[in-house]
Amino acid sequence: MPPLGPRPLCTLLIHHIPPPPPSASQQQIIKYYRPPTHSTLKSLTAPNLTIALFAPYLAPGPPRSTSCDRAQRILTAIYSIVATSLREFGKIEGSKQDGGDVDVRVVFYWDEGEDEDGEEDGRSGEWGLGPVFRIRPILGSGVGRRWMNVVYVVGAEGWSRPSWVGKAGVSMEGVMVVEFTPQEEAEGEKGGKEEEGGKLVLEEARRHGVVIVAGTFDHLHAGHKLLLTTTAFLLDPPCQPCSPDSPLPLSPRLIVGLTGPKLLENKKHAELLHPWPQRARDTLTFLTSILTFSPSAAITSSTETISSATSNPTPGGESCTISKEKDREGEGLRCFSTITLPGERGEMVVEIVEINDVFGPTVTEEGISALVVSEETRGGGEAVNRERRRKRWTELELFVVGVVGEEGGGGVKMSSTEIRRRRGETTGMREEKGKI
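Conventions used here
Residues numbered from 1 in each chain as written. Predicted model: local features only at pLDDT ≥ 70, side-chain atom pairs only at ≥ 80, totals over all residues. Heavy atoms only, no water. Axes fitted to C-alpha atoms, helices over the stretch in contact; angles between N-to-C directions. Helix = DSSP H or I, 4+ residues; strand = E, 2+ residues; numbered from the N terminus. Parallel < 35°, antiparallel > 145°, perpendicular 65-115°, else oblique. Left-handed = near helix turned anticlockwise from the far one by under 90°. Contact = heavy atoms within 4.5 Å. Buried < 20%, exposed > 50% of the residue type's maximum accessible area, 1.4 Å probe, protein only. Salt bridge = Lys/Arg side-chain N within 4 Å of Asp/Glu carboxyl O. Phe/Tyr/Trp six-rings, centres within 6.5 Å; stacked < 30°, edge-to-face > 60°. Lys NZ or Arg CZ within 6 Å of the ring centre and 35° of its normal.

*Asks:* I tried to follow the packing of helix α5 (residues 222–234) against helix α6 (residues 276–291) on my own but got confused; where do I start?
*Replies:* Relative orientation and spacing of two packed helices are given, respectively, by the angle between their axes and the distance between those axes. Taken N-terminus to C-terminus, the directions of α5 and α6 make an angle of 50°; their axes are 10 Å apart at the nearest point. If you check the angle between α5 and α6, you find them oblique. Here the hand of the crossing between α5 and α6 comes out right-handed. Taking contact as the criterion, the partners of K225, L228, T229 and A232 in α5 are, on α6, T283, F286, L287, I290 and L291.

If you want it as structure tokens, here you go:
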């Protein structure tokens, strides 16, 4: 499906610095990434920012679940830096249509971009499955972001300007190279090897072909993006062309349980909640934008469209159509987008499902294997597993994400309720002003 209208202008910030070690505290991670991220946000002129983090420990092979805690802690740090810095500049993280000033996405890349064809090692090739990629598709994808400018962050002893700067379809114009020396207490790694004892972790780790997260996802903000990106991260891509003997389903699935009317009755400022179709569209658009940069990964949707939610281009220019159909129980809305992966590696499906109880598909679909929760909803995840044990099903592996808030850890976390409250106050002030 071709993109609708001009592609939005985006800035690409590439942190080509060694990642913080697994032992780094949350505050050390924040101090490590803050200077160049804060500086980029301060000078930002484009309404969209994609941040790409060098993460050699995410090279294809081991189950992604082995690195989930490390990756989500870094994501939490980055989104906390973004939220705090933008607040300092009097701006809000989020899309323009949601009243925000800067729409931010965070992805990872695991290679140094020296392998031209990307297929020699057999590790998933160039296309990747977001939010983990090779660097070249990010730089030069045919459906890639319309980069207004590119900021390369390089530094630390032994690290220098990468050979691919100015190559792979990205011109030198608008490129800024920042020499950056990280804080000593959070000195990064010089390579991507596993820690000692990692073999035991790998042996026990599960590969996940069907993962799920649930929430209201109203006025999509950095906290939501952390949950959604972590869920996408957990979905293991097929590393080899699909076959009947594949240990993963031919169509890996990412499911989002999106709350329906019954779960929204007691929400504060409920009158300002976006309708389900819009929340589904915004969620699907975001997920599609972090799942693929490949020019040959076709994205399709079903043809029955909700009239109130039309096709919507992502920051990368891809289009997503919100579709509807009755779910497997005959109630509620279900919309989905299918990404066809190149190299005969099958498809992946992103599915948004209306839920009106705390369980949703977790107790109706036995094949789901992982659930992403926040600290606030950990109890709900434990309740899901009690119900699955009662049904004699395998328990879901629970992954708990951190809180996006003030960098110091003592501030108020990102909240859709707070966003709606502010919107209500702004609307009220405008109405009062109109009466004068």
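Resuming the write-up.
*Asks:* How do you make sense of the environment of C68 when you look at a structure like this?
*Replies:* One can find C68 in helix α2 (residues 68–88). With a relative accessible area of 3%, C68 lands in the buried category. Linking C68 and T231, residues 163 residues apart in sequence, is a C-alpha distance of 9.4 Å.

*Asks:* Which parts of the structure should I look at to understand the pattern of salt bridges?
*Replies:* Counted under the stated rule, the structure contains 13 salt bridges. Close ionic contact of R390 with E387 constitutes a salt bridge, the shortest N to O distance being 2.6 Å. Taken together, the residues R390 and E387, both in helix α7 (residues 378–390) and 3 residues apart, mark about one turn of the helix. On the accessibility criterion, R390 (59% relative accessible area) is exposed. One network of salt bridges, in which partners are shared, links E93, D103, R105 and K225.

*Asks:* I tried to follow the packing of aromatic side chains on my own but got confused; where do I start?
*Replies:* Pairs of aromatic rings are described using the distance from one ring centre to the other and the angle between the two planes. The final tally for this structure, using the stated rule, is 3 aromatic pairs. Ring centres of Y32 and Y33 lie 5.1 Å apart, and the angle between their planes is 80°; on these two criteria the pair is classed as edge-to-face. The same class applies to Y32 as to Y33, namely buried. Against the face of F233 rests R64, its NZ or CZ located 5.9 Å from the ring centre.

Functional significance is not addressed by these values, which are geometric in nature.
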